[in-house]
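Examination of the molecular architecture
What follows is each chain in one-letter form.
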Amino acid sequence: MTEFDRMWAEILPVGRDGGTGGYRRFAWTRDDHTLREWFAGECAQRGLDLTEDRMGNQWAWWGDPDAAPGVVIGSHLDSVPDGGAYDGPLGVVSALAVIDALRADGFAPTVPLGVVNFVDEEGARFGVACAGSRVITGAMTADRALGLKDADGRTMAEALETAGRRTDIGRDDETLRRIGTFVELHVEQGRALADLDPATSAVAVGTDIWPHGRWRIDFAGEANHAGTTRLEDRHDAMLGYAQTVLAARTVAQQRGCVATMGKVVVDPNGVNAIPSRVTGWLDARGPVDHDVRRAVADVTEAAEQHGGTVAEESWTGATTFDPALAQRMRDLLGGGAPMLGTGAGHDAGILANAGISTGMLYVRNPTGVSHSPEEFAEAADCHTGVEALATVVRGLAS
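Let us look at the structure shown here.

Basis of the calculations
- Each chain carries its own residue numbering, running from 1 in the written order of its sequence.
- Two thresholds apply to this predicted model, a pLDDT of at least 70 for residue-level local features and 80 or more for giving and counting side-chain atom pairs, whereas whole-chain, interface and lining totals are computed over all residues.
- Heavy atoms throughout the structure, all of them, feed into the side-chain values; hydrogens and water do not.
- Definitions used for this entry: grid spacing 1 Å over protein atoms alone; cavity, a set of points where a 1.4 Å probe fits but cannot get out; pocket, an open set with protein on both sides within 12 Å along at least 5 of 7 lines; lining residue, one with an atom within 4 Å of a point.
- Grid points are joined across faces, edges and corners, and a volume is the space filled by probe spheres set on the points.
- The secondary structure listing takes helices from DSSP runs of H or I that are at least 4 residues long and strands from runs of E that are at least 2 residues long, numbered from the N terminus.
- The residue classification treats Ala, Val, Leu, Ile, Met, Phe, Trp, Tyr, Cys and Pro as nonpolar and Asp, Glu, Lys and Arg as charged. All others, Gly included, are polar.
- Here, nonpolar core means buried Ala, Val, Leu, Ile, Met, Phe, Trp, Tyr and Cys residues that are tied together by side-chain atoms lying within 4.5 Å of each other.
- Throughout this description, buried means an accessible area under 20% of the type-specific maximum (1.4 Å probe, protein chains only), exposed means over 50%, and partly exposed covers the range between.
- At least two DSSP bridges between two strands are needed for those strands to be called paired.
- Whenever two N or O atoms come within 3.5 Å, that pair is a polar contact, provided that in protein one can donate a hydrogen and the other can accept it, and provided that, for residues adjacent in sequence, both atoms are side-chain atoms.
- Contacts between residues were defined by any pair of non-hydrogen atoms, one from each residue, lying within 4.5 Å.
- Here an axis means a line fitted to C-alpha atoms, over the contact stretch when the element is a helix, while the angle between two N-to-C directions is reported on a 0 to 180 degree scale.

**Structural notes on the layout of surface pockets**
In this approach a probe as big as a water molecule rolls over the atoms, and the regions it shows empty are the leftover space. Considered as a void within the structure, the largest pocket measures approximately 1600 Å³ in volume. Lining of the largest pocket is provided by 49 residues; of these, Gly123, Ala124, Gly127, Arg214 and Lys263 occupy positions nearest its centre. Secondary-structure elements contributing two or more residues to the lining of the largest pocket are β7 (212-220), β8 (258-267), β9 (277-285) and β10 (308-316). Within the lining of the largest pocket, the residues separate by chemical class into 15 nonpolar, 18 polar and 16 charged. There is about 150 Å³ of room inside the second largest pocket. Residue lining of the second largest pocket: Thr2, Glu3, Phe4, Ala97, Asp100, Ala101, His383, Val386 and Glu387, and that is the complete set. Listing elements by their share of the lining of the second largest pocket, those giving two or more residues are α1 (3-11), α3 (89-104) and α12 (379-396).

**Concerning the nonpolar core**
By size, the foremost hydrophobic cluster in this structure holds 52 residues, and its most contacted members are Phe39 and Leu361. Among the elements that take part in this core, α3 stands out by supplying nine residues, more than any other.

**Side note on the pairing of strand β2 (residues 58-62)**
In the case of a regular strand, side chains alternate between the two sheet surfaces. Burial of β2 is extensive: five of the five residues sit out of reach of the surface. Because side chains alternate across β2, one face comprises the buried residues Gln58, Ala60 and Trp62, and the other comprises Trp59 and Trp61, equally buried. Of the strand pairs in this sheet, strand β1 (residues 49-52) and β2 are connected by four bridges, and their pairing is antiparallel. Looking at the pairing, Glu52 lines up with Gln58 of β2. The turn joining β1 and β2, which pair antiparallel and follow one another in sequence, is formed by five residues; a positive phi near 95 degrees is taken by Gly56. The pairing of β2 with strand β4 (residues 113-118) spans five bridges and is antiparallel. Paired with Gln58 across the strands is Asn117, a residue of β4.

**Digging into the side chain of Arg178**
For Arg178, the position within the fold is in the loop between α7 (173-177) and β5 (179-187). Looking at Arg178, the relative accessible area reads 13%, which means it is buried. Within the structure, Arg178 has its side chain in polar contact with the side chain of Asp66 (distance 2.9 Å). Excluding anything up to four places from it in sequence, Arg178 contacts Thr51, Trp61, Pro65, Asp66, Pro69 and Gly70.

**Some details on the sheet that holds β8**
In space, the four strands of this open sheet follow the order β8-β9-β7-β10, with antiparallel pairing throughout. Edge positions in the sheet fall to β8 and β10, since each has one partner strand and no second. Sheet twist, expressed as the mean angle between neighbouring strand axes with direction ignored, is 20 degrees. Here eight bridges tie β8 to β9, and the two strands are oriented antiparallel to one another. Residue pairing in the sheet places Val265 in a bridge with Thr279 of β9.

Below, the structure written as structure tokens:
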């Protein structure tokens, strides 16, 4: 068993639901704490110096991170509700395995090497994706982050306090100065690689991330009895929500985007009660900023026609990874690696928008399924991903 396989087997049970088989690894929960402790233990085993930034992201260093800007690799360990095993953890486990591979080869880096575990990348608990990287780069203010609420009405500030964490979070220039280059390995969240020649497509180099955002849409109604209230006397908040869901699908097709309303909260949420309030969330993405914005404007108009109010919760414009770095990574891998863009957001995108030289590697996903228990990557492809990442790091840090 390789070190990669050992580490993978150790974290596989953490946060896994016995009924669905999916993962519920949410920020600042017991499972999150378990994974952070696991990461810290693996770093200590390798003699890496572990630090935390002002948001709680974990950084492990081989070499002095203040001697010169370093090469950093890694990803995140949290998940979406009932998510898959690979989204995030593959990048963290692979990064640690790369440290092992480089040391086994006797490699001596000329710049510090870092491994990062970003916190709350998925935004599953508090609603804003990539919170860990957004806060330290200043893309999200500390006040806004601390005021975000989970489904139980608990703020991030309260969750941090409960977890015994610091609440003086914020932009962290000291941490950012330490990052010369960041490369994130991730399972592909699509099947572009699976549709190419299997002999040459286990790993791809990332080029860009589509513009994407999240919006909250609220509809107010009046609770009443489902059996005794005449249809003409009803003020049913669900009707406006339903019409907006249909409108989102239609305008996405018209604007060349994708739009999803996959989360909804209903009050009072009774089978025999007319909804008094419905809150839904829109996720919209597409290749072109303007088209996504136009689609959201169309959905907003549809929602407002039915009494809804729309509030933007997050927005990340089109993100291009450092073209020179992407080409160098491709050259280091032999020049034949596919180049892929994606509609999935990543911490790498937040760092790229903060002016850091950033790149991504994708490992083939044979089904193309992600954010689902069916998410998968072959063990051989994962090992190939580790080898590719090691090759890239060796080239960037020598």
